[in-house]
Amino acid sequence: ANIIGRMMLAATVVGSAETAGIAILCAFLRSEFDTPGSHTETVLRFVFATVAYFSSGLFVLALMRNRELVVDHLAKIQREQSLRNEAEEQLRVLVESSPAAIVTLDKNGKIEAANRAADALFMVPDQNSLHGRNIAEYLPVLSDALRVSIGPEAYRTAAQCQGRRENGEIFLAHTWFSTYSSDKGRHLAAIIVDSSEEMRDREEQNLRELMTYNRI
């Protein structure tokens, strides 16, 4: 038992080839101090001892190898988690700093997340938030988009539509949105900008061109 214990200890610092050599050496030393017997009996004892010592060494090597694999796997998971957290933080900062309104909706049209630009676009008071409200109150087209049945496939599109602010004001909105699926059902993410001013500028430009043409 003491020899096996030393064999297992030695296996922690050497490779499989060295372990085999040490196993043979230990078996030889054991045979030198073992009870005398016939040649066949001595050879069998040597073989069995070698196998026992080598097996114990291999067992330790396997344990160490498995431990290294587990440690490497955990380190990989930690690195991936760190990178994922960093990417999520960068995405959160990007969304929060975006001048365009960004919202995500659950399958029922409830707003799961909205950045500050979305609160500002729909004129939600500072102490309140769009979170938990139904998008149908502000942009019915997004609520309708969630109810479109096109199978499990996700889709992306854009639409120009009317939006309603918290104070009841109607404005022209340009939206880009896409659906995605999770274990909780279909979701929708949308980017929204107020295109009312752009439309007014376009109409004024058209009016100026029309007036110029009439003068000619």
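Preceding this paragraph is the structure being described.
Residues numbered from 1 in each chain as written. Predicted model: local features only at pLDDT ≥ 70, side-chain atom pairs only at ≥ 80, totals over all residues. Heavy atoms only, no water.

Engineer: Let's hear about the pattern of salt bridges: which residues, and what values?
Structural biologist: Per the stated rule, a full pass over the model turns up six salt bridges. A salt bridge links Glu 166 to Arg 133, with the nearest nitrogen and oxygen atoms 2.9 Å apart. Placement of the pair is Glu 166 in the loop between strand E3 (156-164) and strand E4 (170-182) and Arg 133 in the loop between helix H4 (116-121) and helix H5 (140-147), with a sequence separation of 33 residues. Across the pair Arg 165 and Glu 169 runs a salt bridge, and its minimum N-O distance is 3.5 Å. For Arg 165, a relative accessible area of 7% corresponds to the buried category. Beyond isolated ion pairs, a larger network of salt bridges with shared partners links Arg 165, Glu 169 and Asp 194. (Salt bridge = Lys/Arg side-chain N within 4 Å of Asp/Glu carboxyl O. Helix = DSSP H or I, 4+ residues; strand = E, 2+ residues; numbered from the N terminus. Buried < 20%, exposed > 50% of the residue type's maximum accessible area, 1.4 Å probe, protein only.)

Engineer: Go over the sheet that holds strand E1 (residues 101-105), please, and point to the residues and values.
Structural biologist: On the basis of which strands lie adjacent, the open sheet formed by five strands has the order E2-E1-E5-E4-E3 and antiparallel pairing. Of all strands in the sheet, those with a lone pairing partner are strand E2 (111-114) and E3, marking the two edges. When strand polarity is set aside, the average angle formed by the axes of neighbouring strands in this sheet is 25°. Of the pairings in the sheet, the one linking E4 to strand E5 (residues 185-194) comprises ten bridges and is antiparallel in character. Its bridge partner being in E5, Tyr 180 is matched across the sheet by His 187. (Pairing = 2+ DSSP bridges. Axes fitted to C-alpha atoms, helices over the stretch in contact; angles between N-to-C directions.)

Engineer: Go over the packing of aromatic side chains with me, naming the residues and quoting the values.
Structural biologist: A complete count under the given rule lists two aromatic pairs for this structure. One aromatic cluster in this structure is built from Phe 122, Tyr 138 and Phe 171. Sitting over the face of the ring of Tyr 138, Arg 164 holds its NZ or CZ atom 5.9 Å from the ring centroid. One Lys or Arg, Arg 165, reaches over the ring of Phe 171 and ends 4.1 Å from the middle of that ring. (Phe/Tyr/Trp six-rings, centres within 6.5 Å; stacked < 30°, edge-to-face > 60°. Lys NZ or Arg CZ within 6 Å of the ring centre and 35° of its normal.)

Engineer: Quick rundown of the pairing of E1? Include the residues and the values.
Structural biologist: Here E1 lies mainly inside the structure; four of its five residues are buried. Both E1 and E2 contribute to a ladder of three bridges, which runs antiparallel. Pairing of Val 103 across the sheet is with Ala 114, part of E2. Counted along the chain from E1 to the antiparallel partner E2, the turn is five residues long, and its residue Gly 109 has a positive phi close to 85°.

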